[in-house]
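Residues per chain, in single letters:
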Amino acid sequence: MPFNLDDLTAAEIASGVAQGSFTATEVAHAALAAIDAREGAIGAYLELTPELALAAAARIDEARSAGSALPPLAGVPLAVKDNMNLVGTHTTCASRMLETYESPYTATCVDRLLAAGCLPVGKANMDEFAFGSSTESSAFHRTNNPWDPARVPGGSSGGSAAAVAAGTATVSLGSDTGGSIRQPAAFCGVVGMKPTYGAVSRYGVTAFGSSLDQVGPFARSVRDVALVMGGLTAGGRDPLDGTSQDASADYLEHLEDGVEGGRVGIVPALMDAEGLAPEVRRTVEDAASRLEAAGAQLVEVSLDHLEAAIASYYVIGPAEAFSNLARFDGVRYGYQEPGAATLAEQSALSRAHGFGQEAKRRQILGAYLLSSGVYDRYYYAAQKARTMITRDYLAAFEQVDVILMPPSPHAAFKFGELADPTQMYLSDMYTISLNIAGNPGISVPTGLGADSGLPVGVQLQGPAFGDRKLLRFARAIERSFADGKKSVLPVAPGCAGKGGELA
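Anyway, here's the lowdown on the structure attached to this text. Keep in mind it's a predicted model, so treat the numbers as computed, not measured. (Residues numbered from 1 in each chain as written. Predicted model: local features only at pLDDT ≥ 70, side-chain atom pairs only at ≥ 80, totals over all residues. Heavy atoms only, no water.)

Focus: the layout of surface pockets
In this structure, the largest pocket occupies an estimated 500 Å³ of space. Residue lining of the largest pocket: 27 residues in total, with Tyr105, Val205, Thr206, Ala207 and Arg327 positioned closest to the centre. In terms of residue class, the lining of the largest pocket is made up of 13 nonpolar, ten polar and four charged. Lining the second largest pocket are 26 residues; nearest its centre among them are Phe131, Glu136, Ser137, Glu358 and Arg361. Counting only elements with at least two residues in the lining of the second largest pocket, the list comes to α11 (343–354), α12 (357–369) and α14 (421–426). In terms of residues, the lining of the second largest pocket owes the most to one element, α12, which gives four residues. (1 Å grid on protein atoms, 1.4 Å probe; cavity = no way out; pocket = protein on both sides within 12 Å on 5 of 7 lines; lining within 4 Å. Points joined across faces, edges and corners; volume = space filled by probe spheres on them. Nonpolar A, V, L, I, M, F, W, Y, C, P; charged D, E, K, R; others polar. Helix = DSSP H or I, 4+ residues; strand = E, 2+ residues; numbered from the N terminus.)

Shown next, in the form of structure tokens:
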């Protein structure tokens, strides 16, 4: 049966493989053909894994031939952010420091999606060690936004978002420490979800900020994200991750129930924030009106300490990054400077030459913030602000089911446009607070902005472990903008039709 992967959702691929409409091996070849045709213009991947994809496909086809029941994501092409271990690949974190590092084991999140039937097609590009909002800090190459190659795909999970937007993967995995799933999803016009902290195991994922990091999925539809969430949480709590919780559930259940009688929070102060692009504001207001028309009630809520979120994040994040990256010293892990006279010199030079500029900046900042006489003034204050932000969310979610706000103050910017690190940090102004509180959030595309002509969308935030409810509201927004289509936006026009087809 002829098919084009661009036209198929993850659910349709799994159903087609199970019914024998096409084989998983045929899907793998179609995905690899799409990568061959489109990757040169996008640069979403750091490493391709055709052998792993074809081997996984062969196992699925053998299982079907034997009459065995197939897993829920059988034959679905998957891209994996390159801070997640996968046996048979390198895990570089887009850094020279780990350029030759080979994965000794597979991260739990990746392993669960492989068990669910996904085909791993490659490791996706990212900002070095997830430090960034544009994927410009990758040590190896930039990733272009599939909608406009002169613009960034967002970050730090830019490669994961771009792969899905370009149709070279049906679903992908990213990590979100301060918005690194939701912001690139908005820039690339796909759906991206940061689950509740602890809902998805982080074992085998290179840590940036251990109290902030969370793994989550990208896809072109809310339904596919829900399907992947089921795979990520299957099996319940991971004993290898001390923060892991049992969030296993059928995330498709009640997805189509609608939002009648639901309460949607609006934060007026955020809608009046300096730097918010008019087209993004209009998009959020439009989404609010559509939710209201679908039967939801709009309720104004306040998050009084949200203005402290960025300051708190850029204390807590660098402090934890300094601790987590101390292990990369050129002795136990990573790049090793040749010719050093002493061990201390070798470690210093290895770190100086192995890390990029942004990775150095954050570690130096973290070292300073944890130093004697500074810790009490900044780190302790940031943790107190974190408590207040978390309490603000708890109070807000006593009044509403979800909160609606922008995922980013603007659409995708041009390469080099935000050269000032402070400007770059502010691109996460609407996402960071959620990582501080540990709550779930999702970015949903709504179409192309009237001013920029680029993808824009909205962000929904929910209470801790309210992930299924969050998906239901996200699906209602998607349904209102999709006009009967499977997803709001298609595969980026510059990529569609180049590969991905199989007769």
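Back to the write-up after that little detour.
Some thoughts on the packing of helix α7 (residues 222–233) against helix α16 (residues 467–482)
At a closest axis distance of 9 Å, the pairing of α7 and α16 adopts a crossing angle of 160°. Judged on the interaxial angle alone, α16 and α7 are roughly antiparallel. Between α7 and α16 the crossing geometry is left-handed. Taking contact as the criterion, the partners of Val222, Arg223, Val225, Ala226 and Met229 in α7 are, on α16, Asp467, Leu471, Ala474, Arg475 and Glu478. In the contact of α7 with α16, the residues fall into six nonpolar, no polar and four charged. (Axes fitted to C-alpha atoms, helices over the stretch in contact; angles between N-to-C directions. Parallel < 35°, antiparallel > 145°, perpendicular 65-115°, else oblique. Left-handed = near helix turned anticlockwise from the far one by under 90°. Contact = heavy atoms within 4.5 Å.)

What to know about the sheet that holds strand β4 (residues 119–124)
Two pairing modes exist for strands in a sheet, parallel and antiparallel, and in both the strands are linked by backbone hydrogen bonds. The strand order β2-β4-β3-β5-β7-β6-β11-β12-β10-β8-β9 describes an open sheet built from eleven strands, whose pairing is mixed. Whereas interior strands pair on both sides, the edge strands pair on one side only; in this sheet they are β2 (45–48) and β9 (297–300). Recorded for the sheet is a direction-independent mean angle of 30° between the axes of neighbouring strands. Across two bridges, the pairing between strand β6 (residues 191–194) and strand β7 (residues 215–219) is antiparallel. Looking at β7, one finds that Val191 is bridged to Ala219. Sitting on the sheet, α7 is in contact with β5 (171–175), β6 and β7, with an inclination near 145° to β7. Where α16 meets the sheet, its contacts fall on β6, β8 (263–266), β10 (402–405), β11 (441–448) and β12 (455–461), and the angle it forms with β11 comes to roughly 5°. (Pairing = 2+ DSSP bridges.)

Some details on empty space enclosed by the protein
In this structure the tally under the stated criterion is three cavities of 30 Å³ or more. In this structure, the largest cavity encloses a volume near 70 Å³. Leu5, Asp6, Leu8, Ala31, Pro77, Val164, Gly167, Thr168, Ala169, Thr170 and Arg220 together form the lining of the largest cavity. Classifying every residue of the lining of the largest cavity gives six nonpolar, three polar and two charged.

Things to note about the pairing of β7
With five of five residues buried, β7 is to be regarded as a mostly interior element. Of the strand pairs in this sheet, β5 and β7 are connected by four bridges, and their pairing is antiparallel. Considered in β7, the bridge of Ser175 is made with Val215. (Buried < 20%, exposed > 50% of the residue type's maximum accessible area, 1.4 Å probe, protein only.)

Details of the pattern of salt bridges
Once the charged atoms of two side chains with opposite charge are near each other, the side chains can pair. Taken as a whole, this structure holds 19 salt bridges when the rule is applied. Its salt-bridge partner being Arg38, residue Asp6 comes within 2.7 Å of it at the nearest N-O pair. Highlighted residues: Asp6 in the loop between β1 (3–4) and α1 (10–19) and Arg38 in helix α2 (residues 24–42), separated in sequence by 32 residues. Between Asp401 and Lys469 there is a salt bridge, with its nearest N and O atoms 3.1 Å apart. In this pair, Asp401 is assigned in the loop between α13 (375–396) and β10 and Lys469 in helix α16, connecting sequence segments 68 residues apart. With relative accessibility at 12%, the residue Asp401 sits in the buried group. Overall, the relative accessible area of 31% leaves Lys469 in the partly exposed class. Here the salt bridges do not stand alone but share partners, grouping Arg223, Glu256, Arg475, Glu478 and Arg479 into one network. (Salt bridge = Lys/Arg side-chain N within 4 Å of Asp/Glu carboxyl O.)

Notes on the packing of helix α10 (residues 309–324) against α12
Relative orientation of the contacting elements α10 and α12 amounts to 100°, with a least axis distance of 7 Å. It follows from the interaxial angle that α10 and α12 lie roughly perpendicular. Contacts between α10 and α12 involve Tyr314, Val315, Pro318, Ala319 and Phe322 from the first element and Arg362, Gln363, Leu365, Gly366, Ala367 and Leu369 from the second.

Remarks on the environment of Val284
Within the secondary structure layout, Val284 lies in helix α9 (residues 278–293). Along the chain, Val284 and Gln459 lie 175 residues apart, while their C-alpha atoms are 8.4 Å from each other. Leave out the neighbours within four places in its chain, and Val284 touches Met271, Leu404, Met405, Pro406 and Val458.

A word on the pairing of β6
Side chains Val191 and Met193 of β6 all project onto a buried face; the interleaved residues Gly192 and Lys194 project onto the opposite face, where all are buried too. Across three bridges, the pairing between β6 and β11 is antiparallel. Its bridge partner lying in β11, Gly192 is registered against Ser443.

Remarks on α13
With 22 residues, α13 extends 31 Å from end C-alpha to end C-alpha; this agrees with the ideal 32 Å at 1.5 Å per step. Where α13 is concerned, the buried positions are Tyr379, Ala382, Ala385, Arg386, Ile389, Asp392, Tyr393 and Ala396. (Expected span 1.5 Å × (residues − 1).)

Let's talk about the environment of Glu398
With respect to the helices and strands, the residue Glu398 is situated in the loop between α13 and β10. Between the alpha carbons of Glu398 and Phe131 there is a distance of 34 Å; along the sequence they are 267 residues apart.

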